[in-house]
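Topology and contacts: notes
Okay, here's what each chain looks like letter by letter:
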Amino acid sequence: MDDVRPSGSSPAPSVLCREIAPADFGELLLLLRKGFPERPRAHYVRALERLGAHNTPPGFPKYGYVLEVNGVIVGVILTIFSSTMVNGENRLRINVSSHYVDPEFRLYAAIMTSRLRSYKQATHLNVTPAPHTWPMLQALGYHRICNGGFFALAAVSGPVVAARVRRVSSAVEPGDGLSQAEAQVLRDHASYGCISVVCEWEHRRYPFVFVPSRIPWKGIRLPYAMLAYCRDFESYVQLARPLGRYLLLRGMPLIFSDA
């Protein structure tokens, strides 16, 4: 935790950056609604519940950080710390979101940013940045890895392959090419209400996670599935047709993926 007490003749405010604790939730929800009024309170209640259930690596923040001035929470940043195997090595990743500081205290906002930048061994991600924050993120060293996305009528796209798609639950286990880490991703997202499936093709299993969504179109809200996770994009391209047919039969004719 960082405690900053500026010097001077007038009483100096006590500025503190510390990890979020469950006791902060009531005050924290008010601040998040103030900073992001387009999000309903239930959105952040659910987010904090899921962070609480998330398998955070030991020694790292469960929820993120708050900024306190004279004991009052005036800033917040939510974090998701996770570990994943990359080329046989365990790698740390941090996804940040909901970064907000009350305008009159933004002089101290860099304290929270500096705390996150201290995790130099981790890959830092921000998958939902607001457009007006892009210059700031670039100044902090972030690099854009995606430019938009596209919709595909996947049921009639890609090669014809003899593959079988099965929805999985919390009982899915590794094997047949599915790693322990991938099985955990499928289990976790199934519990979040996502569509977690494995596509069985040529005696191997390929993991995919989709988020049911809707987009306004000509006065209606057209259902689609957003691709949230796959092993690699090549496997999605190869198996797009059976995945698309599976989702089409469940009322989602389109798949949205990153460009």
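Residues numbered from 1 in each chain as written. Predicted model: local features only at pLDDT ≥ 70, side-chain atom pairs only at ≥ 80, totals over all residues. Heavy atoms only, no water.

**Quick look at the pattern of salt bridges**
A side chain with one charge may pair with a side chain of the opposite charge, provided their charged atoms come close. This is how it is decided: The salt bridge definition used is simple: a Lys or Arg side-chain nitrogen within 4 Å of an Asp or Glu carboxyl oxygen. Only protein chains enter the area calculation, which uses a 1.4 Å probe; residues under 20% of their type maximum are buried, those over 50% are exposed, and those in between are partly exposed. By the criteria applied, helices consist of DSSP H or I runs no shorter than four residues and strands consist of E runs no shorter than two, each listed in order from the N terminus.
Taken as a whole, this structure holds five salt bridges when the rule is applied. We note a salt bridge from arginine 18 to aspartate 24, for which the minimum N-O separation is 2.8 Å. By the burial criterion, arginine 18 is buried, and aspartate 24 matches it. Glutamate 68 is paired through a salt bridge with arginine 18; the nearest N and O atoms lie 2.7 Å apart. Remark: arginine 18 occurs in strand β2 (residues 15–19) and glutamate 68 occurs in strand β3 (residues 64–69); sequence separation between them is 50 residues. Of the two residues, glutamate 68 and arginine 18, both sit in the buried class. Each of the salt bridges in this network shares a partner with another, and the network as a whole consists of Arg18, Asp24 and Glu68.

**Topic: the confidence of the model for the protein chain**
Spelled out, the test is: Confidence of the prediction at every residue is given by pLDDT, a number between 0 and 100.
With 96% of its residues at a pLDDT of at least 70, the protein chain reaches an overall mean of 89. Confidence, expressed as mean pLDDT per element, reaches its minimum in the protein chain at strand β1 (residues 2–4) with 59 and its maximum at β3 with 96.

**Remarks on the sheet that holds strand β10 (residues 204–217)**
So the rule is basically this: Strands are treated as partners if at least two bridges between them are detected by DSSP. For helices, the fitted line uses only the C-alpha atoms of the stretch in contact; every axis is such a line through C-alpha atoms, and the angle between N-to-C directions lies from 0 to 180 degrees. Throughout, a contact is declared for two residues whenever any of their heavy atoms are within 4.5 Å.
On the basis of which strands lie adjacent, the open sheet formed by six strands has the order β7-β12-β11-β10-β9-β8 and mixed pairing. Whereas interior strands pair on both sides, the edge strands pair on one side only; in this sheet they are β7 (149–152) and β8 (164–167). Across the sheet, the axes of successive neighbouring strands diverge by a mean angle of 35 degrees, strand direction being ignored. Pairing between strand β11 (residues 220–230) and strand β12 (residues 254–258): three bridges, direction parallel. Bridging from a neighbouring strand, alanine 225 pairs with isoleucine 255 of β12. Packing against the sheet, helix α5 (residues 180–191) makes contact with β9 (195–201), β10 and β11, and its axis sits at approximately 30 degrees to β10.

**Side note on the packing of aromatic side chains**
Stated precisely, the cut-off is as follows: Each pair of aromatic rings taken from Phe, Tyr and Trp, with Trp reduced to its six-membered ring, is defined by centres within 6.5 Å and is described as stacked if the planes are under 30 degrees apart, edge-to-face if over 60, and tilted in the remaining cases.
All chains considered together, the criterion is met by 12 aromatic pairs. Centroid distance phenylalanine 151 to tyrosine 224: 5.1 Å. Interplanar angle 85 degrees. Geometry classified as edge-to-face. Residue phenylalanine 151 is found in strand β7, and its partner tyrosine 224 is found in strand β11; the two are separated by 73 residues along the sequence. According to the relative accessible area criterion, phenylalanine 151 is partly exposed, its value standing at 36%. The class of tyrosine 224 is buried, set by a relative accessible area of 12%. Between tryptophan 201 and tyrosine 206, the aromatic rings sit 6.2 Å apart at their centres with planes inclined by 45 degrees, giving tilted as the arrangement. The buried category is assigned to tryptophan 201, whose relative accessible area is 16%. Feature note: the residues Phe36, Tyr44 and Tyr100 constitute an aromatic cluster, connected by ring pairs.

**Points about a nonpolar patch on the surface**
Test applied: Two joining distances apply to patches: 9 Å for like charges and 5 Å for nonpolar side chains (Val, Leu, Ile, Met, Phe, Trp, Tyr), and every residue must have over 30% relative accessible area and no salt bridge. Note on areas: these come from Shrake-Rupley sampling with a 1.4 Å probe, and a residue is covered only by the protein chains present in the view.
Side chains of Phe150, Phe233 and Val237 sit close together on the surface and give an oily, nonpolar patch of about 240 Å² of accessible area. Structurally, phenylalanine 233 is set in helix α6 (residues 233–248). Phenylalanine 233 gets classed as partly exposed once you look at its relative accessible area, which sits at 35%.

**Section: the environment of asparagine 147**
One can find asparagine 147 in the loop between α4 (134–139) and β7. Between the C-alpha atom of asparagine 147 and that of proline 58, which follows or precedes it by 89 residues, the distance is 34 Å.

**A few points about the pairing of β3**
The buried count for β3 comes to six of six residues, which makes it a mostly enclosed element. Examined bridge by bridge, β2 and β3 share five bridges and lie antiparallel to one another. Directly across from leucine 16, in β3, lies its bridge partner glutamate 68. The antiparallel pairing of β3 with strand β4 (residues 72–86) creates a hairpin that spans two residues between the two strands, and asparagine 70 there sits at a positive phi of about 55 degrees.

**Considering the nonpolar core**
Considering soluble globular proteins, one finds that nonpolar side chains tend to be buried as a cluster. The criterion, for reference: Nine residue types can take part in a nonpolar core, namely buried Ala, Val, Leu, Ile, Met, Phe, Trp, Tyr and Cys, and a core is a set of them joined through side-chain atoms within 4.5 Å.
Within the largest apolar cluster, 22 residues are counted, with the highest numbers of intra-cluster contacts made by Val197, Phe208, Phe210, Tyr236, Leu239, Leu243 and Leu247. Looking at this core, the elements that each hand over two or more residues are β9, β10, β11 and α6. With six residues, the single largest contributor to this core is α6. Each residue touching leucine 239, except ones within four places of it in the same chain, is listed here: Val161, Ala163, Cys199, Trp201, Tyr206 and Phe208. Core analysis: the next-biggest nonpolar cluster, separate from the first, contains 19 residues, Val15, Leu92, Ile111 and Ala122 among them.

**Describing α6**
Which entries qualify depends on this criterion: To get the bend at any residue, fit one axis to the seven residues that end at it and another to the seven that begin at it, then take the angle between the two axes.
Of all the bends in α6, the largest measures some 65 degrees and sits at leucine 239, one to four residues before the proline proline 242. All of the buried residues in α6 are Ser235, Tyr236, Leu239, Ala240, Pro242, Leu243, Gly244, Tyr246 and Leu247. Tucked inside the fold, the buried residues of α6 contact β7, β8, β9, β10, β11 and β12.

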